[in-house]
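Chain residues, written in single-letter form:
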Amino acid sequence: MAAAGAEAAAEEEKRLPEGDPESGGDSDDEGDSDSSGDGEDEEKENEAEIQRLEEQLSINAFDYNCHLDLIKLLRQEGELVKLRRARQKMSELFPLTEEIWLDWLKDEIKMASEISEREKVYELFERAVKDYICPEIWLEYAQYSIGGIGQEGGIDRVRSIFERALTAVGLHVTKGTALWEAYREFENAILETAQPAPGSIPSPEQQQVLCSQLEKIHTLFRRQLGIPLLDMEASYAEYEEWSEEPIPEATVKNYKKALQQLEKCKPYEEALLGAETPKLAEYQAYIDFEMKAGDPARIQLIYERALAENCLVPDLWARYNQYLDRQLKVKELVLSAHDRAVRNCPWTVGLWIRYLLAMERHRVEHSIISEMFEKALNAGFIQATDYVEIWQAYLDYLRRRVDFTQDSSKELEELRSAFARAVEYLKQEVEERFSESGDPSCTIMQNWARVEARLCNNMQKARELWDNIMTKGNAKYANMWLEYYNLERAHGDTQHCRKALHRAVQCTSDYPEHVCEVLLTLERIEGTLEDWDAAVQKTENRLARVNEQRAKAAEKEAALAKQEEERAEQRKQARAEKKASKKAKKTRAGDKRKADEDDEGEWGQEEELPSKRHRGDSDGVLPEEDMEVETGLFGRSEKPDGPAAPKEKASTSRKDIPKVFHDSSKDKVTVFVSNLSYTMAEPETKLRELFGSCGEVVEVRAVFNNKGTFRGYCYVQFREEEAARQALALDRTAVEGRPMFVSPCVDKNKNPDFKVFRYSTTLEKHKLFISGLPFSCTKEELEEVCKAHGNVKDIRLVTNRAGKPKGLAYVEYENEAQASQAVLKMDGLTVKDHVIKVMISNPPLRKLPERPDPSKASMVPPRQIYGVRGKGRTQLSMMPRALQRQSNPVAKAENGMVQNSPAASSEPPAEPKKMSNADFAKMLLKK
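Bear in mind the structure is a predicted one, so any value in this text is a computation, not a measurement.

Caption draft 1: Structural context of the sheet that holds strand β5 (residues 738–744). Ordered in space as β2-β3-β1-β5-β4, the five strands form an open sheet in which the pairing is antiparallel. Two strands bound the open sheet, and with one partner strand each, they are β2 (697–704) and β4 (733–735). Each neighbouring strand pair of the sheet contributes to a mean axis angle of 30 degrees, computed without reference to strand direction. When strand β1 (residues 670–674) meets strand β3 (residues 710–718), the two strands line up antiparallel, connected through four bridges. In the sheet register, Thr670 faces β3, and the bridge partner there is Gln717. Along the sheet, helix α29 (residues 683–691) makes contact with β1, β2, β3, β4 and β5, crossing β2 at roughly 140 degrees.

Following this line, the structure appears as structure tokens:
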């Protein structure tokens, strides 16, 4: 048919140029040639893309998106042979979704005409219904089987498929009704064919067939009405209309009970209908509800429904498999669920380990378990430690197979060979990929040594293994030596115990005292006098060297601390000199400007600086007013009464506002906003509009300095606590080009360790960390690069406090599979001449601030805390200088300013001098 159509099209193309020229034959010919040229170009592009995708899959067969793209292109090009092969390969690696299966089945149904081809379609349906429990696939399967009703045993086959479908999805609250109705329609069709011809009397055999068929339909109605399904009322009304006899009391009772159960299920079904993908929370609530009810069939069905929409969520598979392992314990069901789990989430090592345990639990053949383990090694785990875990699980399985009462056996040799292979695999394959073996403590070799010593009585092999462990950088750890010592103590002899401890005393660097104590304890119990003397001498010499090394380290630390103190003192002195010179320069400029003024009487004592004014001076001029005049003197206009007047007036009006102190009792309805621009105009109005979407804003308290300049932070008080919680979601919102920080309002005096960090600091397998990005890279440009490898949920470009990019970003995908694929494809990619590095997000542990040790006092006085948030680095003190001098009498500097240095602070004579860490180190060295 296709060939005939092609030939007809070719003949039509040949006839077109022969048409009347006036009819536009030439133009049509040109258009056809252009379209054919475009079609050829598109075909070549598709062929090149198909070849590229096939090469990509030859490198990484677990690239899910690459499989999808290849199948889509092959179906578009009509490459049926390649399409069938591509679908076959993908189905071997992954469970296919409902859409992929339905497309595949429909394509195969169209081409199946012979009986042998129909059997292949039946086999394909059997594979499809095993991947997921999908009502649509079961319904398609049953309807397709009706087409073969004319074959021998066709009716029985259709009934068998319908019964299996009802077992699988007949309890589906929203979609189960369609299967029940299709089954009844089929039985009604059989009933119609069994009816005798009009006017004829049925024979006893026909009467028996009719009664039997009627009973089948009655049974279907009764079974359906006992299950909570949507539109149960319609099914009940249909049964009343169809049945010539009254509905039995038992059926009515079951129907009412099912209605009550449906009412309990409706809220969960409605939540699923209204929720957005992935609906995990709604499904989990539904699962919890069914678990309390305790019906295994319904629990299994709701798990399967959840997995059909969340097939890439490892935790959901793990919970489902755990339920099947502990409750149902049906071999076929359990192993099928485990197999689907690892095919959906092959990167999750925990699912593979559970699968191996389930296969062992159900006594699967050893060859099949070994084959499954090899598949796990090729699954592409994202951490080196995952390979250690899967090897350990497989070695545990092999160890349980060995009969250690025999001196030698095939199973024992296989176990030893597997141990050796595991060590070699971690050293070569894993270390080459991750730059680490994942097993720094050599746990696999330790377990091997334990097996040899305890179960095989082969201490010689155990000692060889421990010698190998120590040569891998573990000899400096006391716990490793003590582990070996305990093994020797349990299964070896005293001579090797003593030898091990002597080596431990010599090599251990972390806790040598512990090892020395164990050695002395051994000699005290079992050693001779010579052994005791040798142990004492060895431990004393070792501890003397350790103390010497520690003293040198302490001396070095003291020297570094002293250098740091000297540098800090130099920096403080430089700041003081700079401040003094700046003040002196400002004073000289002020004197010169004042001398040029006509009205000198207004200034009174113009030689006296504002810092020298005391409360109660006769001139009545406040320090703040002097500062305002200084601001005017250094403004754009040289005349103090000119353009500087509006600024002075505005600043004065700002200071006329009464100062409002923070009320700590309202912290729960208040948020602290910082990192705002100092140049922000009318911050109260702008922030009130910004936070108005969160709830009613009672007050916005912006913080200004004594010149009326905005300090870049403020407090926003809401009417309700819920509004304050919603306001925290605006953290990192860009305001005038800077990220605005929004945090809870917490008194640091009462909670000194309080720290807000919005983002996760743990491993997130569905999120990527990208470094090396060009600073000019925008969020949209990065999204364009990342979305080719999966569905991007969020992108965060890391910026500094000023909103400038740092070349770093976090990209969140929908699941772990897409993230792991993106790492493989994007790592080393060039973006705007920058080579980027891509890895799974696993931030290092955040260093917590060290708490001061009360036993070690510091010579540096503690930093004074001002207000709720403390004093900023450039924040001016609002206390008059006169009060500062009275409360803290110290020496004056050359320019009259008070020097608030630690050296100048007076302390009660009775209080002893505080010592720093360096002083303690010096005191220790003198002893």
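Caption draft 2: Region of interest: the sheet that holds strand β11 (residues 837–841). Ordered by their spatial adjacency, four strands build an open sheet running β7-β8-β6-β11, and the pairing between neighbours is antiparallel. Of all strands in the sheet, those with a lone pairing partner are β7 (792–799) and β11, marking the two edges. In this sheet, neighbouring strand axes are inclined to one another by 25 degrees on average, regardless of whether the strands run parallel or antiparallel. With seven bridges connecting them, β7 and strand β8 (residues 805–813) associate as antiparallel partners. Directly across from Leu797, in β8, lies its bridge partner Ala809. Sheet strands touched by helix α31 (residues 779–786): β6 (764–771), β7 and β8. Its angle to β7, the strand with the most contacts, is close to 135 degrees.

Caption draft 3: Fine view of the side chain of Glu764. Within the secondary structure layout, Glu764 lies in strand β6. The class for Glu764 is buried, based on a relative accessible area of 14%. When residues no more than four places from it in sequence are discounted, the contact partners of Glu764 are Ile840 and Ser841.

Caption draft 4: Spotlight on a negative patch on the surface. On the surface, a cluster of negative charge is contributed by Glu40, Asp41, Glu42, Glu43, Glu45, Glu47 and Glu79. Tracing the sequence through the fold places Glu79 in the loop between α3 (64–77) and α4 (80–93).

Caption draft 5: The arrangement of the packing of aromatic side chains in detail. Enumeration over the complete set of coordinates arrives at 31 aromatic pairs. Arranged with centres 6.4 Å apart and planes meeting at 45 degrees, the rings of Tyr286 and Phe289 form a pair that is tilted. Residue Tyr286 and its partner Phe289 are located together in helix α13 (residues 280–293), separated by three residues, close to a single helical turn. With respect to burial, Tyr286 and Phe289 carry one shared label: buried.

Caption draft 6: View of unusual backbone geometry. Cis geometry is found at the peptide bond from Thr277 to Pro278, where omega equals 15 degrees. Its place among the elements puts Pro278 in the loop between α12 (249–274) and α13. The backbone of Glu682 sits at a positive phi, close to 50 degrees, despite the residue not being glycine. As for its placement among the helices and strands, Glu682 is situated in the loop between β1 and α29. Even without being glycine, Asp833 reaches a positive phi, approximately 65 degrees. Here Asp833 is to be found in the loop between β9 (830–831) and β10 (834–835). For Asp833, a relative accessible area of 76% gives the class exposed.

Caption draft 7: Molecular detail of the environment of Glu814. As for its position among the elements, Glu814 is in the loop between β8 and α32 (816–826). Along the sequence, Glu814 and Leu312 sit 502 residues apart, while their C-alpha atoms lie 9.1 Å from each other.

Caption draft 8: Fine view of the pairing of β3. The buried fraction of β3 is high, at nine of nine residues. By the bridge criterion, six bridges tie β2 to β3 in an arrangement that is antiparallel. Counted as the bridge partner of Val700 is Val716 from β3. Linkage of β2 to β3, two consecutive antiparallel strands, is achieved through a turn of five residues, within which Gly708 is found at a positive phi near 85 degrees.

Caption draft 9: How the structure looks around helix α11 (residues 232–242). Turning to α11, its buried residues number three or more, namely Met232, Ser235, Tyr236 and Tyr239. Buried residues of α11, seen end-on, are gathered within an arc of 100 degrees and therefore sit on one face of the element. In α11, those exposed residues whose orientation departs by more than 90 degrees from the buried face are Ala234 and Glu241. Considering only its buried residues, α11 is in contact with α10 (204–225) and α12.

Caption draft 10: Molecular detail of the environment of Asp295. If you trace the backbone, Asp295 turns up in the loop between α13 and α14 (296–309). Taking the relative accessible area as the measure of exposure, Asp295 reaches 34% and is therefore partly exposed. Reaching out from Asp295, the side chain makes a polar contact with the backbone nitrogen of Ala297 at a distance of 3.2 Å.

Caption draft 11: Structural context of the packing of helix α15 (residues 314–328) against helix α16 (residues 331–344). Packing of α15 against α16 brings their axes to within 10 Å, and their N-to-C directions diverge by 165 degrees. Between α15 and α16, the angle is such that the two are roughly antiparallel. Our pair here, α15 against α16, has a crossing hand that is left-handed. Touching Trp317, Tyr320, Asn321, Leu324, Asp325 and Leu328 of α15 are Leu333, Val334, Ala337, His338, Arg340, Ala341 and Asn344, all from α16. Its residues placed into classes, the contact of α15 with α16 shows eight nonpolar, three polar and two charged.

Caption draft 12: Just the packing of α4 against helix α5 (residues 98–111), in detail. At their nearest, the axes of α4 and α5 sit 12 Å apart, and the two run at 140 degrees to each other. Here α5 runs oblique to α4, going by the angle between their axes. As α4 packs across α5, the resulting crossing turns out to be left-handed. In this structure, α4 uses Leu80, Leu83, Arg84, Arg87, Gln88, Met90 and Ser91 to contact α5, whose residues at the interface are Ile100, Asp103, Trp104, Asp107, Glu108 and Met111. Residues of the contact of α4 with α5, tallied by class, amount to six nonpolar, two polar and five charged.

Caption draft 13: Expanded view of the pattern of salt bridges. In total, this model carries 45 salt bridges according to the counting rule given. As a salt-bridge pair, Glu290 and Arg298 come within 3.4 Å of each other at their nearest N and O atoms. Each member of the pair, Glu290 as well as Arg298, carries the same accessibility label: buried. Here Glu483 and Arg450 are joined by a salt bridge, their closest N and O atoms 3.0 Å apart. Here Glu483, found in helix α23 (residues 478–491), pairs with Arg450, found in helix α21 (residues 443–455); they are 33 residues apart in sequence, far enough to count as distant. Since its relative accessible area comes to 28%, Glu483 is described here as partly exposed. What emerges from the salt-bridge pattern is a single network uniting Arg75, Arg87, Asp103 and Asp107.

Caption draft 14: A look at the side chain of Ser771. Among the structural elements, Ser771 can be located in strand β6. Under the relative-accessibility criterion, Ser771 is labelled buried at 16%. Among all residues touching Ser771, those that are not within four sequence positions of it are Gly807, Leu808, Ile836 and Lys837.

Caption draft 15: Spatial organisation of the nonpolar core. Core analysis: the largest hydrophobic core is formed by 158 residues, its most contacted members being Ile137, Ile390 and Trp391. It is helix α19 (residues 384–401) that contributes the most residues to this core, ten residues altogether. Apart from residues lying up to four places away in sequence, Ile390 is in contact with Val349, Trp352, Ile353, Leu356, Phe373, Ala376, Leu377 and Phe381. Listed in part, the 22 residues of the second largest apolar core include Val671, Met680, Ala723 and Val742.

Reading the values: rules and limits
Residues numbered from 1 in each chain as written. Predicted model: local features only at pLDDT ≥ 70, side-chain atom pairs only at ≥ 80, totals over all residues. Heavy atoms only, no water. Pairing = 2+ DSSP bridges. Helix = DSSP H or I, 4+ residues; strand = E, 2+ residues; numbered from the N terminus. Axes fitted to C-alpha atoms, helices over the stretch in contact; angles between N-to-C directions. Contact = heavy atoms within 4.5 Å. Buried < 20%, exposed > 50% of the residue type's maximum accessible area, 1.4 Å probe, protein only. Patch = residues over 30% accessible without salt bridge, like charges linked within 9 Å, V, L, I, M, F, W, Y side chains within 5 Å. Areas by Shrake-Rupley, 256 points an atom, 1.4 Å probe, with all protein chains shown as cover. Salt bridge = Lys/Arg side-chain N within 4 Å of Asp/Glu carboxyl O. Lys, Arg positive; Asp, Glu negative; His and termini not counted. Charge placed at Lys NZ, Arg CZ, Asp CG, Glu CD. Phe/Tyr/Trp six-rings, centres within 6.5 Å; stacked < 30°, edge-to-face > 60°. Arc of directions from axis to C-beta. Polar contact = N/O pair within 3.5 Å; in protein donor to acceptor, adjacent residues only side chain to side chain. Parallel < 35°, antiparallel > 145°, perpendicular 65-115°, else oblique. Left-handed = near helix turned anticlockwise from the far one by under 90°. Nonpolar A, V, L, I, M, F, W, Y, C, P; charged D, E, K, R; others polar. Core = buried A, V, L, I, M, F, W, Y, C linked by side-chain atoms within 4.5 Å.

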